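Listed below, chain by chain, are the residues.
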Amino acid sequence: MEPLLPGESGQFIAEQSRDVFVEDEGVQKVAEMLYGLQHSDELTASGWKKANPLAPAPTSDQALNWVFVVDTMNFSFWPEEETQQCEVTYKGTTYTGYMTLCAAITRAMEEGVPITDPKYFSQMNVEELGRVLRSDNETPMPMLRERHQVLTEGGRVLLEHGGSFRSFISQAGNDAQKMVELIVQKIPSYRDEATYEGKRISFYKRAQILVADYWGLMAARGQGDIINMDWLTMFADYRVPQALVYLGALRYSDTLMQALKNGELLSSGDRREVEIRGCSIWCVELIKDRLHKLVQERDGQPCSVNSVIIDFYLWPYAKQHHKEMAHIPIHHTRCIYY
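Residues numbered from 1 in each chain as written. Predicted model: local features only at pLDDT ≥ 70, side-chain atom pairs only at ≥ 80, totals over all residues. Heavy atoms only, no water.

If you check an unreviewed UniProt entry, the chain appears there as Queuosine 5'-phosphate N-glycosylase/hydrolase from Maylandia zebra. Entered under Function (unreviewed entry) in the UniProt record, the comment concerning the chain runs "Catalyzes the hydrolysis of queuosine 5'-phosphate, releasing the nucleobase queuine (q). Is required for salvage of queuine from exogenous queuosine (Q) that is imported and then converted to queuosine 5'-phosphate intracellularly." What the UniProt record of the chain gives under Sequence similarities (unreviewed entry) is the line "Belongs to the QNG1 protein family." (UniProt positions renumbered as here; feature names shortened; annotations may be inferred.)

See the structure below:
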């Protein structure tokens with residue numbers, strides 16, 4: 001059985017959900033907030049370079065492979081203890097979270113490690129990757145063995161398909177949906193799926209981010225004519241749901257809120273974890289639809305903001321407002337999917 005696609009999965013989960021709820025008033029509020037921002041740089045794909053300051057220049061051949069390496073290992077950066085964050089300092093700036101990975105890969109390139117070459121990263125050993133991802137404090141980046149496994153696997157797939165991310169992804173033409181399907185079909189670590197109420201569902205968080213980053217990078221090169229971008233959903237992780245709860249667009253049941261506040265770890269595929277991710281997807285779809293309606297009603301014109309652009313806005317928003325959001329717990333799941 002083919003699983004439901006991410007958008008359909010989100011709708012199916014939101015309709016059955018017992019612990020996570022999409023709140024209509026909050027959806028309206030976020031749509032209004034985005035409406036006020038729609039003419040700013042924050043709601044365009046051109047924000048890509050700004051959002052990825054550590055990436056190589058978009059025009060360089062290495063940039064596309066850099067994106068592949070980073071997105072293949074883009075999961076599980078939260079620390080066991082808030083006080084014990086993995087840190088990487090690069091050119092005088094200290095990074096935490098996802099940015100430690102970006103900084104580490106760019107640092108390795110400067111040190112002469114061919115980390116963006118699939119011939120190298122398809123067969124590097126764990127120790128070599130450990131050196132690339134080394135932390136500048138006592139806390140290592142979590143899940144080194146898993147990162148090594150998925151990166152070497154991904155590298156081998158690229159070698160079977162022309163030896164670069166560009167040659168691999170070009171098999172999908174310029175269609176975002178076909179790109180996601182190709183990635184998920186060929187690279188096992190990207191198969192971000194679960195079972196919910198007897199149905200196979202999918203989130204494909206990293207596959208969708210990889211396509212969105214490819215789009216952002218090509219747009220930065222002036223070549224962003226990828227179709228079907230509207231098919232992509234938000235990227236169901238642990239940061240954006242927190243922002244949606246903070247903004248009143250998502251609500252957690254008291255029992256779920258308490259479980260998260262008690263620090264309960266949710267395993268990958270746990271019903272509550274699936275509900276958090278699925279309802280986040282559906283919530284952003286509804287925000288997008290509401291925003292399009294507002295623009296149509298007030299300005300009499302179509303709106304080109306898609307779910308990816310909304311996610312590109314909400315993720316940094318969550319980072320910037322993390323202090324105000326501290327009372328809303330993020331859910332913790334150790335897995336390779338996000």
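A. Main features of helix 15 (residues 307–320). For helix 15, with 14 residues, the first-to-last C-alpha span of 20 Å sits near the 20 Å given by 1.5 Å per residue. Of all the residues in helix 15, the buried ones are Ser307, Val308, Ile309, Ile310, Asp311, Tyr313, Leu314, Tyr317 and Ala318. The secondary structure elements touched by the buried residues of helix 15 are helix 2 (24–37), helix 11 (205–220), helix 12 (240–246) and helix 14 (271–299). Sitting at the amino-terminal end of helix 15 is Asn306, which places a side-chain oxygen 3.1 Å from the backbone nitrogen of Val308. (Helix = DSSP H or I, 4+ residues; strand = E, 2+ residues; numbered from the N terminus. Expected span 1.5 Å × (residues − 1). Buried < 20%, exposed > 50% of the residue type's maximum accessible area, 1.4 Å probe, protein only. Contact = heavy atoms within 4.5 Å. Polar contact = N/O pair within 3.5 Å; in protein donor to acceptor, adjacent residues only side chain to side chain.)

B. Focus on the packing of aromatic side chains. Under the defined criterion, the tally for this structure stands at ten aromatic pairs. Judged by centre distance (6.2 Å) and plane angle (65 degrees), the rings of Phe77 and Tyr98 are edge-to-face. Residue Phe77 is located in the loop between helix 4 (61–72) and strand 2 (88–90), and its partner Tyr98 is located in helix 5 (residues 98–110); the two are separated by 21 residues in the primary sequence. On the accessibility criterion, Phe77 (8% relative accessible area) is buried. The exposure class of Tyr98 is buried, given its relative accessible area of 12%. For the pair Tyr98 and Trp315, a centre-to-centre distance of 6.0 Å together with 90 degrees between the ring planes defines the contact as edge-to-face. Taken together, the positions of Tyr98 in helix 5 and Trp315 in helix 15 put the pair 217 residues apart, joining distant regions of the chain. Taking the ring centre of Phe75 as reference, the NZ or CZ of Arg147 above it sits at 4.5 Å. (Phe/Tyr/Trp six-rings, centres within 6.5 Å; stacked < 30°, edge-to-face > 60°. Lys NZ or Arg CZ within 6 Å of the ring centre and 35° of its normal.)

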